[in-house]
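So the chains spell out like this:
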Amino acid sequence: MEVSCAKLDPKRGSLEFVGARVERNLLGSSSSGYGIISKNNRKLGRGFPGFPINASSRRGSPSEYENLSSGCVFISVKSGTKCVKSFRNKGFDSGYRSISVHCAKGGRSSSRNGKVEGLRPAASEKPRRGGRDILRNPSKGKGLSYGGRIPSVLQALDDIEDLDNALKPWEASLNCKEISIILKEQWRWERALDIFGWLKEKGSYELNVIHYNIMFGILGRSHQWNNIRRFWEEMKVMGIIPTNPTYGTLIDSYSKAGLKDEALMWLDDMRSRRIKPDEVTMGIVVQTFKRAKEFEKADQFFKEWSSDASLSDACDGSNASQKLNFQQVNSLSAPPPQKFYSSYTYNTLIDTYGKAGQLQEASNLFNQMLKDGIVPNTITFNTMIHICGNHGLIEEADALLLKMEDLRCLPDARTYNILMSLHVKNQNINMVSCYFAKMKESGLKPDHVSYRTLLYAFSDRNMVEEVESVIAEMDQEGVYVDEFIQTTVMRMYIDVNMLERSWAWFERFHLGKEEMSSECYSAIIDAYGERGYLLEAEKVFHCCSDKQRLSVTEFNVMIKAYGKVKMYDKACQLIETMESYGILPDKCTYNSLIQIFSSAGLPYKARSYISKMQEGGFVDDCVPYCAIISSFIKLGRLEKAEELFQDMVISGVKPDIVVFGILINAFAEIGSVGHVKRYFSLMYEAGFSGNSVIFNSLIKLYTKLGCLREAEEIYKLHQSSDDRPDVYSSNCMIDLYSQHSMVNDAEEIFKYLKCQGIANEFSYSMMLFLYKKVGRFSEASYIAQEMQALGLLSKTLSYNNVICLYASTGRYREAVETFSRMIESRTLPDGSTYKTLRTILIKGGVSKEAVNQLKQKQKENALCGTHAWLATLCAMVGMHNEAQQACFTMRQFSETADAPRSMSLATGGSGCAL
């Protein structure tokens, strides 16, 4: 007997026969049984590891076969007249759990196109075991997927509360499988508990580990931890031995509830019983570590499990979350070679690597999956697309969609939603629209997420026509416009000043059948307030009041709106009227008022609300104090800032490092060393080590006062802190060392800045000044050349140092060229510049009388005088073309057409006629 192997095509709702044959000897001697064949037509044969051929079974499905890879198909054959072939496809790309196909031998025939019956979506791609279904979606109707008397039993349990009456017709005849189904179909944990208790009371039913596993799953979903413990102790008393599904269910339940440590305690217990996790339990443990963002532990656990290593070393101790002896690894690595893993396992690991930021490892595992003949499903591709997108590999994400088509793996709505979201982040609105259209072309119906993503992309770019077109389509399709979309579109209308349309949009929901939430009203008030449309914000506030939807949030955003337009009196009046609405101010209310008044330079008004905050018990940090202290300091009222600081400490509120930083910086600005040292000492006593802002303020103060020793102490503290010294504090130290001619110390800091790549123009300028000061002109010249090569000549100080260096070494032409570049860059010379230039002219033979005339010209007309200096200097050093150009520019700025007499004196009477 030969039977064709078939693969479900979910898009066409038919079977695609791939030409493989299941031979009679594969099925055994009986006329019915289960056979297994791989998708690549390679016969796996009888006794395939983990999949015994049950030739005598005539009913049921092969759901007990656990580790079937996604490339395999179960085939159940019965010879004779009309029969049913059951295909079980684990993790297959069809997205369906099971199908039934009518075929015939001798009677009605359906050769290569079987009729698909009983299709129902898979609840999960996770491998399933007898007695366990961790992730299960309810059927639309009770018992629709079951035969026999199960539908009647379930219906009776729904209709009749009393269990004796509900189960009376079947009281003496329920078998173990039926009990399992009845318990699994209960979605109220209380009802399941009652049924389980009823079964125990009757005493005629044999409750086994499968039934307890089902109860653990139901109770775990409802977080009934005490009942779980009670059932666990009950199992011990009854001598029921827990199995892999038991532990997997318990670990999964605790993990999903965020109780990682408790979940791993069950893994400890499993180890103590020397039960090695199977593939499903392994996947659950990996998921547990993944949820806790402990990706290296997840990777290490899988590698130990896949290598069949004992978990005793890895789980040594009472708490696996603390005692796991995982070796330190620099990065996650792809799993070692193995026999067969389900697509669920691959998907879990790929997602783990992706969340750990290990893109290459996720990609390697995906390629290994293909190499092993495991067909990736939609979940696999969705995960890979999401990972690529998160790493900025948009082209690779797009290419994966084409790969899906090559492997006949149909994308779902989530696939397109992920791609749309990635292109929204990448600011590619055209591709967002393209994928939305492609989704509809492929026969998929856009869901709520699809429309939300598209609307966000359009509204964020103020594409009004496109937004309105999408809204019209949503209305036509009956897609609900949620509050996120309501506020997003509202903000778009407000941003483009389309106030009439914004109000019409608001009224659509305000006057609609479904009531707007308080959060939606507050978001709209805030949107108007942010743009300064106070009248509209007030109208929305009153509309919210008419609907009796006012909450403290509406008051808070309204107060913020008044503060935005500086209507401080109305903000105060609004808080006074809150009690008349039965609403009390909260912490946010007072903080908003304090921030408004502090920013407006009204610290006294802001301070009055501190007392009210304290009365309400809302002062639990120093944030409001910090705002008022800062406001006092800006007004120059440092004594009031200190007074408020003392009040804060007395009231039991601990200052943070920001408060200390504000005070230290304020007193450093006025040069009050005593106050600075006092608050710095208090800061250390409070347990703070300082930050860059504080260290910079102190070093700036000590540099200004020339206190080298104190500055060095602070700089060393800065070096030992988590915040390494930045360029500002380092430059201050170079400046101090320059003042004291301490070359070696300055060089050490300068090398640090260059090594960090943060040395700036001031750093180089100070080093040049220091080298020139100590007579090390070669090093100074090298620094000058570096500055010019790096483009670090832009400030007057830098130009002055370079010009002074060349003047000191008699390199007058280079000094004049630097001055010329200074003028071209529109950097204004100062007194120090002209002092050096005067020395150059006098040493070059220009009379003091001519130099004085240049100074007078400079006073009369700054621009004309500057070019007069340049023309004179260029003529002196033989740069005649530059001198003529400077002379021409000088005439343009001069009020008279006559050249200054100084030019004739400097150029031997030729003046600007050169």
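Bear in mind that the values here come from a model prediction, so they are computed numbers and not experimental data.

Visitor: Describe the overall build of the chain, and please don't skip the residues or the numbers.
Guide: Per the secondary structure count, the chain includes 45 helices and seven strands. Here the chain, with 914 residues, has 51% of them falling under the buried criterion. Element-wise, carbon and sulfur atoms account for 49% of the exposed surface of the chain, whose accessible area totals about 43,300 Å².

Visitor: Please set out helix α10 (residues 279-291) residue by residue, giving values where relevant.
Guide: With 13 residues, α10 should reach 18 Å at 1.5 Å per residue; the first-to-last C-alpha distance of 18 Å fits that figure. Taking burial as the measure, the 13 residues of α10 include 12 buried ones, the bulk of the element. Tucked inside the fold, the buried residues of α10 contact α8 (244-256), α9 (260-272), α11 (295-306) and α13 (343-355). At the N-terminal boundary of α10, the capping side chain belongs to D278, with an oxygen 3.3 Å from the backbone nitrogen of V280. Directly after α10, the chain includes K293, whose backbone phi takes a positive value near 60 degrees.

Visitor: Please provide a residue-by-residue account of the confidence of the model for the chain, values included.
Guide: Model confidence for the chain is summarised by a mean pLDDT of 78, while 78% of its residues fall at 70 or above. Every residue in residues 1-143 scores below 50 in pLDDT, and together they form 321 contacts with partners more than four places removed in sequence or on other chains. A low-confidence stretch, residues 896-914 stays under pLDDT 50, and its non-local contacts, those more than four residues away or across chains, total 27 contacts.

Visitor: Give a description of unusual backbone geometry that names residues and reports values.
Guide: A positive phi is found at S741, a non-glycine position, where the angle reads about 55 degrees. Here S741 is to be found in the loop between α35 (727-739) and α36 (743-756). In this structure S741 comes out as partly exposed when scored by relative accessible area, which is 35%. With phi around 60 degrees, R826 is a residue other than glycine that occupies positive phi space.

Visitor: Describe the pattern of salt bridges, listing the residues and the values that go with them.
Guide: Taken as a whole and judged by the stated rule, the model has 42 salt bridges. Taking the shortest distance from any N to any O, the salt bridge between E576 and K612 comes out at 3.7 Å. One end of the pair, E576, is in helix α26 (residues 568-577); the other, K612, is in helix α28 (residues 603-616), and 36 residues separate them in sequence. Take E576: its relative accessible area is 52%, and that puts it in the exposed class. Each member of the salt-bridge network shares a partner with another, and the members are R491, D526, E530, K560 and K564.

Visitor: Go over α36, please, and point to the residues and values.
Guide: The terminal C-alpha atoms of α36, which comprises 14 residues, lie 20 Å apart, in line with the 20 Å expected from a rise of 1.5 Å per residue. Burial in α36 covers these residues: V743, A746, E747, I749, F750, Y752 and L753. Its buried side turned inward, α36 meets α34 (708-720), α35, α37 (761-773) and α38 (777-789). Positioned one or two residues after α36, G757 has a phi angle of 75 degrees, which is positive.

Visitor: Talk me through the packing of helix α25 (residues 552-564) against helix α27 (residues 587-599); I want residue IDs and the actual numbers.
Guide: The description of two packed helices rests on the angle between their axes and on the distance between the axes. Look at α25 against α27: their axes get within 9 Å of each other, and the N-to-C directions meet at 5 degrees. By the angle class used here, α25 and α27 are roughly parallel. Residues V552, N556, I559, K560 and G563 of α25 touch α27, and the partners they reach there are C588, T589, S592, L593 and I596. Each residue belonging to the contact of α25 with α27 can be placed in one class, and the counts come to five nonpolar, four polar and one charged.

Visitor: So what about the side chain of E473? Which residues, and what values?
Guide: Looking at the secondary structure, you find E473 in helix α20 (residues 464-477). Within polar-contact distance, the side chain of E473 engages the side chain of Y451 at 2.9 Å. The residues contacting E473, other than those within four sequence positions of it, are F436, K440 and Y451.

Visitor: Can you explain the packing of helix α23 (residues 518-530) against helix α24 (residues 534-546)? Please cite residues and give values.
Guide: Interhelical geometry of α23 versus α24 gives an angle of 165 degrees and a closest axis separation of 8 Å. Judged on the interaxial angle alone, α24 and α23 are roughly antiparallel. In the packing of α23 onto α24, the handedness of the crossing is left-handed. Of α24, the residues touching α23 (which contributes Y521, I524, I525, Y528 and G529) are E536, A537, V540, F541 and C544. Taken together, the residues that form the contact of α23 with α24 break down as eight nonpolar, one polar and one charged.

Visitor: Could you give an account of a positive patch on the surface, with specific residues and numbers?
Guide: Taken together, R838, K848, K855 and K859 make up a surface patch of like positive charges. Its location among the elements puts R838 in helix α41 (residues 831-843). Residue class for R838 comes out partly exposed when judged on its relative accessible area of 31%.

Visitor: Hey, could you go over the side chain of N244 for me, with residue numbers and the actual values?
Guide: Relative to the elements of secondary structure, N244 occurs in helix α8. Take N244: its relative accessible area is 13%, and that puts it in the buried class. Side chain to side chain, N244 and T281 meet in a polar contact 3.0 Å long.

Visitor: How would you summarise the environment of M683 if you had to cite specific residues and measurements?
Guide: Take M683: it is sitting in helix α32 (residues 673-685). Residue classification places M683 among the buried positions, given a relative accessible area of 0%. Through-space distance from the C-alpha of M683 to that of D656 is 8.3 Å; in sequence the pair is 27 residues apart. With sequence-adjacent residues up to four places away left out, M683 is seen in contact with I657, F660, I664, F688, S689, G690 and I694.

Visitor: Talk me through the environment of M767; I want residue IDs and the actual numbers.
Guide: Following the sequence through the fold, M767 ends up in helix α37. According to the relative accessible area criterion, M767 is buried, its value standing at 0%. Separated by 20 residues in sequence, M767 and E747 place their C-alpha atoms 7.8 Å apart. Not counting residues within four places of it along the chain, the set of residues in contact with M767 comprises I734, A746, E747 and F750.

Scoring rules and cut-offs
The written sequence of each chain sets the order in which its residues are numbered from 1. Per-residue local features are limited, in this predicted model, to residues with pLDDT of at least 70; the limit for side-chain atom pairs, both in listing and counting, is 80 or more; totals at the level of whole chains, interfaces and linings are taken over all residues. Side-chain measures were taken over the full set of non-hydrogen atoms in the model, leaving aside hydrogen atoms and water. Per the convention used, a helix needs a DSSP run of H or I reaching at least four residues, while a strand needs a run of E reaching at least two, with both numbered from the N terminus. Note on classification: 1.4 Å probe, protein chains only; a residue is buried when its accessible area is under 20% of the maximum for its type, exposed when over 50%, partly exposed between these limits. Note that accessible areas follow from Shrake-Rupley with a 1.4 Å probe, and for residues the cover is restricted to the protein chains shown. In this scheme, a helix's expected span is set at 1.5 Å multiplied by one less than its residue total. By definition in these notes, contact holds between two residues if any of their heavy atoms fall within 4.5 Å. Counting of polar contacts relies on pairs of N or O atoms within 3.5 Å, with two restrictions inside protein: one atom must be capable of donating a hydrogen and the other of accepting it, and residues adjacent in sequence are counted only when both atoms are side-chain atoms. One confidence number per residue, pLDDT, is output by the predictor and ranges from 0 to 100. The working definition used for a salt bridge is a side-chain nitrogen of Lys or Arg within 4 Å of a carboxyl oxygen of Asp or Glu. For helices, the fitted line uses only the C-alpha atoms of the stretch in contact; every axis is such a line through C-alpha atoms, and the angle between N-to-C directions lies from 0 to 180 degrees. Throughout this description, any angle smaller than 35 degrees is read as roughly parallel, any larger than 145 degrees as roughly antiparallel, any in the 65 to 115 degree range as roughly perpendicular, and the remainder as oblique. Each residue receives one of three labels: charged for Asp, Glu, Lys and Arg, nonpolar for Ala, Val, Leu, Ile, Met, Phe, Trp, Tyr, Cys and Pro, and polar for the others, Gly being one of them. For a crossing to be left-handed, the near helix must be turned anticlockwise from the far one by less than a right angle; the clockwise case is right-handed. Residues qualify for a patch when their relative accessible area is over 30% and they have no salt bridge, like charges being joined within 9 Å and the nonpolar side chains of Val, Leu, Ile, Met, Phe, Trp and Tyr within 5 Å. Positive charges are assigned to Lys and Arg, negative charges to Asp and Glu, while His and the chain termini are left out of the count. Charged groups are reduced to one reference atom each: NZ for lysine, CZ for arginine, CG for aspartic acid, CD for glutamic acid.

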